[in-house]
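# A structural walkthrough
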Amino acid sequence: MELVRADLLGGVFSVALHLQGLLCLHGSGVGIDGSAVAFLANKGAGKSTLATALCAAGATLVTDDMLPVDPRSPVMAWPSMPAVRLLHDAASHLRYASGQTHPVTNKYHVNELPPDQVEMRRLPLSAVYELAPVSSGPNVPPVERIRVKGTAAVGTLLRHHRAGTAIGGAESMNLFVRASDIVRLVPVYRLQV
């Protein structure tokens, strides 16, 4: 069942949304003051942890792991399952480390967040952040936000699109166009932590 669920939520659902004109990103999103902020990253980089911590501080969870984005103006982030998956250290700190971790992911699957921390509306997307862990050092700031523009910003979105190799041929051009439309209207940043 876990593999079926992963296929449906991953490739199949992403392709279905792609065919409806959306760009599905591997990322988390939160609502802050009526707009959405997206966090993109590779597996294990802290998307879910950051989103859950922001929800504990007053934001609302738009989605975790798969973020559907409508590239038409205004660019909108669509809500998805109000659930997060956290590694033990984050789950402990955020007080979600109860019960057993999932046998496949070794994460705590938090399937019910407090209702005031869940966003059910589609929200305008105000910014996209690619989380980029960097090594610490004497002259390395703990956090640095760097604006990414043009083709580099498009590349950031395409690196994190969720449909993988299921979309090819002529549809690849649609991915590029959608990513281009988004970065014309929404700032993209690299968040080095």
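Preceding this section is the structure that the text describes.
Residues numbered from 1 in each chain as written. Predicted model: local features only at pLDDT ≥ 70, side-chain atom pairs only at ≥ 80, totals over all residues. Heavy atoms only, no water.

## Focus on helix α2 (residues 47-56)
Defined as follows: For each residue, the accessible area found with a 1.4 Å probe, counting protein chains only, is set against the maximum for its type, and the residue is called buried under 20%, exposed over 50%, and partly exposed in between. Helix and strand labels come from DSSP, where a helix needs a run of H or I of at least four residues and a strand needs a run of E of at least two; each type is numbered from the N terminus. Think of it as the arc spanned by the lines of direction from the helix axis to the C-beta atoms. Contacts are assigned to residue pairs with any non-hydrogen atoms lying within 4.5 Å of each other.
Turning to α2, its buried residues number three or more, namely Lys 47, Ser 48, Ala 51, Thr 52 and Cys 55. Seen end-on, α2 carries its buried residues on one side only, within an arc spanning 120°. For α2, the secondary structure elements touched by its buried residues are β1 (23-32), β2 (35-40), β3 (60-63), β6 (84-86) and β8 (123-132). Gly 58, located one to two residues past α2, shows a positive phi value of around 120°.

## Section: the packing of helix α4 (residues 150-159) against helix α5 (residues 170-185)
Stated formally: Angles shown run from 0 to 180 degrees and are taken between the N-to-C directions of axes, each axis being a line fitted to C-alpha atoms and, for helices, limited to the stretch in contact. Roughly parallel covers angles under 35 degrees, roughly antiparallel covers those over 145, roughly perpendicular covers 65 to 115, and oblique covers all other angles. Helix crossings are classified by the rotation of the near helix relative to the far one: an anticlockwise turn of less than a right angle makes the crossing left-handed, while a clockwise turn makes it right-handed. Charged means Asp, Glu, Lys or Arg here, nonpolar means Ala, Val, Leu, Ile, Met, Phe, Trp, Tyr, Cys or Pro, and polar covers whatever is left, Gly included.
Packing of α4 against α5 brings their axes to within 9 Å, and their N-to-C directions diverge by 120°. Judged by the angle between their axes, α4 and α5 are oblique. Handedness of the crossing formed by α4 with α5: right-handed. Facing α4, whose interface residues are Gly 150, Ala 153, Val 154, Leu 157 and Leu 158, α5 presents Leu 175, Phe 176, Ala 179, Ser 180, Ile 182 and Val 183. Of the residues contributing to the contact of α4 with α5, the split by class is 9 nonpolar, 2 polar and no charged.

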